[in-house]
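Next come the chains, spelled out residue by residue.
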Amino acid sequence: MATSTSSKLCKAVKQQYMDLPQGDKVQAMYIWIDGTGEGLRCKTRTLDSEPKTIEDLPEWNFDGSSTYQSEGSNSDMYLIPQAMFRDPFRRDPNKLVLCEVLKYNHKPAETNLRQMCKKIMDMVLNQHPWFGMEQEYTVLGTDGHPFGWPSNGFPGPQGPYYCGVGADKAYGRDVVEAHYRACLYAGVKICGTNAEVMPAQWEFQIGPCEGIEMGDHLWMARFLLHRVCEDFGVVASFDPKPIPGNWNGAGCHTNFSTKEMREDGGLKYIEESIERLAKRHQYHIRAYDPKGGLDNARRLTGHHETSNINEFSAGVANRGASIRIPRSVGQEMKGYFEDRRPSANCDPYAVTEALVRTCLLNEEGEELVKYK
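Bear in mind the structure is a predicted one, so any value in this text is a computation, not a measurement.

**Q** What is the right way to read the overall build of the protein from this model?
**A** Scanning the protein from N- to C-terminus turns up 10 helices and 13 strands. Its C-alpha atoms give the protein a radius of gyration of 21 Å, within 12% of the compact-globule value 21 Å for 372 residues. Counting only C-alpha atoms, the protein reaches 60 × 55 × 40 Å along its principal axes. The buried share of the protein, taken over its 372 residues, is 49%. Restricting the contact set of the protein to residue pairs at least 6 apart, pairs at least 24 apart contribute 66%. For the protein, the accessible surface area stands at approximately 17,200 Å², while carbon and sulfur atoms represent 51% of it.

**Q** How should the UniProt feature "domain: GS beta-grasp" (unreviewed entry) in the protein be read in this particular structure?
**A** The positions that UniProt labels "domain: GS beta-grasp" (unreviewed entry) are, in the present scheme, residues 24-106. Split by type, residues 24-106 is 0% helix and 47% strand. Its first and last C-alpha atoms lie 33 Å apart.

**Q** Before we go on, may I ask you to explain the layout of surface pockets in this structure?
**A** One water molecule sets the probe size; rolling that probe over the atoms shows where empty space is left. Here the largest pocket defines a volume of roughly 750 Å³. In terms of lining, the largest pocket is formed by 27 residues, of which the most central are Gln15, Pro88, Phe89, Arg90 and Arg91. Mapped onto the lining of the largest pocket, the elements with two or more residues apiece are α1 (11-18), β1 (26-33), α3 (173-186) and α4 (213-232). Ranked by residue count, the leading element in the lining of the largest pocket is α1, at 5 residues. The residue inventory of the lining of the largest pocket, partitioned by class, reads 13 nonpolar, 4 polar and 10 charged.

**Q** Would you mind going over empty space enclosed by the protein with me for this structure?
**A** Using the criterion set out here, one finds 2 cavities of 30 Å³ or more in the structure. Considering only enclosed or pocket space, the largest cavity measures out at about 100 Å³ in volume. Around the largest cavity sit Ile33, Gln69, Leu98, Cys99, Glu100, Val101, Thr111, Asn112, Leu113, Arg114 and Tyr349, which together line it. With 4 residues, the top contributor of residues to the lining of the largest cavity is strand β5 (residues 95-102). Of the volumes computed, that of the second largest cavity is approximately 30 Å³.

**Q** I would appreciate a short explanation of the nonpolar core in the present structure.
**A** Note on soluble globular proteins: their nonpolar side chains tend to be buried together. By size, the foremost hydrophobic cluster in this structure holds 67 residues, and its most contacted members are Tyr137, Val188, Ile206, Met220, Phe337 and Leu355. In terms of residues, this core owes the most to one element, α4, which gives 10 residues. When near neighbours in sequence (up to four residues on either side) are disregarded, Leu355 contacts Phe131, Thr254, Phe256, Leu277, His284, Tyr288, Phe337, Asp339 and Leu360. Listed in part, the 14 residues of the second largest apolar core include Val26, Val97, Val101 and Ala109.

**Q** For this particular structure, what's the right way to read the pattern of salt bridges?
**A** Oppositely charged side chains can form a pair if their charged atoms are brought close together. Counted under the stated rule, the structure contains 26 salt bridges. Note that Glu100 is salt-bridged to Arg114, the shortest N-O span being 3.0 Å. Residue Glu100 is found in strand β5, and its partner Arg114 is found in helix α2 (residues 114-123); the two are separated by 14 residues along the sequence. For Glu100, a relative accessible area of 6% corresponds to the buried category. The partner of Lys169 in a salt bridge is Asp168, with the nearest N and O atoms 3.4 Å apart. Residues joined in a network through salt bridges with shared partners are Glu38, Asp239, Lys291, Asp295 and Arg298.

Here is what the cut-offs are and how they apply
- Residues numbered from 1 in each chain as written.
- Predicted model: local features only at pLDDT ≥ 70, side-chain atom pairs only at ≥ 80, totals over all residues.
- Heavy atoms only, no water.
- Helix = DSSP H or I, 4+ residues; strand = E, 2+ residues; numbered from the N terminus.
- Rg over C-alpha atoms; globule rule 2.2 N^0.38 Å.
- Buried < 20%, exposed > 50% of the residue type's maximum accessible area, 1.4 Å probe, protein only.
- Contact = heavy atoms within 4.5 Å.
- Areas by Shrake-Rupley, 256 points an atom, 1.4 Å probe, with all protein chains shown as cover.
- UniProt positions renumbered as here; feature names shortened; annotations may be inferred.
- 1 Å grid on protein atoms, 1.4 Å probe; cavity = no way out; pocket = protein on both sides within 12 Å on 5 of 7 lines; lining within 4 Å.
- Points joined across faces, edges and corners; volume = space filled by probe spheres on them.
- Nonpolar A, V, L, I, M, F, W, Y, C, P; charged D, E, K, R; others polar.
- Core = buried A, V, L, I, M, F, W, Y, C linked by side-chain atoms within 4.5 Å.
- Salt bridge = Lys/Arg side-chain N within 4 Å of Asp/Glu carboxyl O.

Okay, here's the thing in structure tokens:
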């Protein structure tokens with residue numbers, strides 16, 4: 001099993017330094033989405049005192065030509081703090097800071113989808129849109145081979161691994177437990193985790209989150225996962241179909257509701273939203289992975305608990321449908337629905353914005369409505 005060289009360094013030696021007092025100073029790690037729309041970057045600055053609110057954090061900048069976000073001749077990009085979390089690696093009073101990226105002219109960078117998402121969410125505040133996203137991922141060695149798989153072959157077929165227990169069924173649980181605790185410490189709204197259908201594949205759930213908070217918390221949870229994996233010397237992959245063939249892919253099923261849907265008789269509003277989604281299937285497919293649907297085409301085949309990428313479907317308790325209505329929701333006539341189409345490497349800002357545009361702002365057709 002290929003693991004990173006850095007993970008083999010003596011952690012006890014590092015801990016001697018981490019235990020040193022830091023005085024009144026605070027380390028703030030600024031985190032942002034790079035030009036791929038999938039990768040995360042970070043760097044740290046020293047603050048004179050512990051920030052209590054996001055307004056206490058200064059703006060910063062970085063070299064965008066090294067993150068696929070600008071040319072070298074005009075490379076300064078701006079980091080605008082938007083959400084602050086406790087740092088589980090350096091611990092209190094140190095902080096993790098999720099940032100938006102602005103270009104030299106202070107307009108959003110191409111992969112800064114947060115700004116528009118926030119604008120859309122602000123338009124529907126009175127409807128209290130709640131989201132919960134189920135993030136699947138695969139633990140890989142540094143050579144790209146799934147963690148725990150035979151070096152020259154495959155493990156036994158799928159069946160015993162989902163929610164499995166035992167060394168021959170659960171591959172990489174240490175990563176999962178460390179990530180879970182890191183999220184809780186940081187203040188990320190993680191609500192659960194489980195082993196998935198393919199060995200070395202896992203899932204964690206974030207939510208319920210209201211509005212823009214969904215994207216903020218999922219991106220921070222992803223950062224924490226990458227950082228935990230770094231310590232263990234392995235890699236977390238969000239590829240929607242990391243292993244071709246008769247193996248499950250990885251998605252990011254998105255649960256959605258509004259205040260009306262959660263109240264008595266809410267099933268009526270759920271069904272109305274599903275009707276709107278049915279008329280806008282291709283728009284959502286384009287929004288649900290960073291390559292406009294190309295990544296998801298490898299996953300949404302109609303097999304392995306997925307729907308067909310070219311067809312829209314909905315059903316109660318149907319995990320082969322585009323939209324699943326949980327059985328309990330059908331019985332109670334209120335609650336939420338699950339959009340099973342988003343890929344594991346989706347941008348949650350794009351996914352949640354698309355759902356609000358179609359279901360709550362009643363947009364139609366393939367083009368986005370531009371709001372003032």
